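Observations on the three-dimensional arrangement
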Amino acid sequence: MQFTIAIDGPAAAGKGTLAAQLAAYFSLPHLDTGLLYRAVGRMVLEGQTPETAAQRLQPNDLNPSGLYTPAVTQQASRVAELAPVRAALVDFQRDFASQTGGAVLDGRDIGTVICPQAAVKLFVTARPEVRAERRHRELISGGTKISYAQVLQDVYERDYRDQNRVEAPLIAAPDATMLDTSDLSIEAVLERAIIAVKQFSSDRL
Ligand code: C5P
């Protein structure tokens, strides 16, 4: 069985950090699938059509530098609503997930659409205010001038779009382990996730 760990959840819930740490802990490669939509979003802001951008996406477009501006972030969640964009990105994600030894992928639809057979599924959430606070801190420390109120508004808008779109809406897979990170330290989240993964390993591997 392929050892895929699928991590989904809303914006700034802490899933990216968790995915990177789990990948390091289990020595697995990690793909932050949000980067694909962000890269397509940036290409659209530069003038390409969403579908063409998704079809032309190259691994070196996924360098995170410049992909976290508020404009790219909002554009990413708009292109993510489009069926042809999502379809063009499926193979890249599935190929990554199926590499020998396994992989960790985080996003919105990994456990439901991209890797429904994943060995372990985690759904990472946190209250919107907590997520906005975290994202605000990140943006400010990266030099972006933006108010907390604006970041909170962006979080609500993205949540709404991600949860209500027709294509691959953000939803927990029925067999996902839920992790609310609102009142947990990064270390505590990692500890719980490792327990969930090991639980799976001892149950089924
Ligand atoms: O995870 P991140 O915030 O970087 O994702 C940016 C946007 O890409 C999300 O708001 C979402 O609309 C979209 N996305 C998606 N499916 C994924 C990963 C990200 O729709 N698997």
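What follows covers the site of the ligand. If you check the shell around the ligand, you find 15 residues, and the closest are R38, R86, R108, R158 and D162. Within the side chain of D162, an N or O atom sits 2.6 Å from an oxygen atom of the ligand. Out of a free accessible area of 460 Å², the ligand has 97% covered by protein chains. Mapped onto the shell around the ligand, the elements with two or more residues apiece are α2 (34-45), α4 (70-79) and α8 (148-164). Top contributing element to the shell around the ligand by residue count: α2, with three residues.

Our focus in this paragraph is the packing of aromatic side chains. Here the structure, examined in full by the defined rule, presents one aromatic pair. Judged by centre distance (4.9 Å) and plane angle (75 degrees), the ring pair of Y25 and F26 falls under edge-to-face. Looking at F26, the relative accessible area reads 23%, which means it is partly exposed.

A few words on the pattern of salt bridges. Side chains that carry opposite charge are capable of pairing whenever their charged atoms lie near each other. Here the structure, examined in full by the defined rule, presents eight salt bridges. The residue R127 makes a salt bridge to D183 at a minimum N-O spacing of 3.1 Å. Of this pair, R127 sits in the loop between β4 (120-125) and α7 (128-141) while D183 sits in the loop between β5 (177-180) and α9 (186-204), placing them 56 residues apart in sequence. The exposure class assigned to R127 is partly exposed, which follows from its relative accessible area of 40%.

This paragraph deals with unusual backbone geometry. One non-glycine residue, A12, adopts positive backbone phi at about 60 degrees. As for its placement among the helices and strands, A12 is situated in the loop between β1 (4-8) and α1 (15-25). On the basis of relative accessibility, which here comes to 12%, the residue A12 falls in the buried class. The backbone phi angle of A168 is positive, close to 45 degrees, even though this residue is not glycine. The residue A168 is located in the loop between α8 and β5 in this model. Since its relative accessible area comes to 15%, A168 is described here as buried.

As a further point, take the pairing of β1. Most of β1 is tucked away, with five of its five residues classed as buried. Alternating positions in β1 separate into two faces, T4, A6 and D8 on one and I5 and I7 on the other, with burial throughout. Summarising the sheet, β1 and β4 pair through four bridges and their orientation is parallel. Paired with I7 across the bridge in β4 is L122.

Rules used throughout
- Per-chain numbering applies: the sequence of each chain, read as written, is numbered from 1 onward.
- Totals for whole chains, interfaces and linings use every residue, but because this is a predicted model, local features are given only for residues with pLDDT of at least 70 and side-chain atom pairs only at 80 or more, for both listing and counting.
- Calculation of side-chain values draws on the structure's entire complement of heavy atoms; hydrogens and water are dropped beforehand.
- The rule for a residue being near a molecule or strand is that one of its heavy atoms must lie within 4 Å of it.
- By the criterion applied in these results, polar contacts are pairs of N or O atoms within 3.5 Å in which, for protein atoms, one can donate a hydrogen and the other can accept it, and in which residues neighboring in sequence qualify only through two side-chain atoms.
- What sets the accessible areas is the Shrake-Rupley method with a 1.4 Å probe; for residues, cover comes only from the shown protein chains.
- Numbering goes from the N terminus for both helices and strands, where a helix is a DSSP run of H or I of at least four residues and a strand is a run of E of at least two.
- Stacked, tilted and edge-to-face are the three classes assigned to paired rings of Phe, Tyr and Trp, where Trp is represented by its six-membered ring and a pair needs centres within 6.5 Å; plane angles under 30 degrees give stacked, over 60 edge-to-face, the rest tilted.
- Accessible area is worked out with a 1.4 Å probe on protein chains only. A residue is then buried under 20% of its type maximum, exposed over 50%, and partly exposed in between.
- Any Lys or Arg side-chain nitrogen found within 4 Å of a carboxyl oxygen on Asp or Glu counts as a salt bridge.
- DSSP-based pairing: two strands are paired if at least 2 bridges between them are found.

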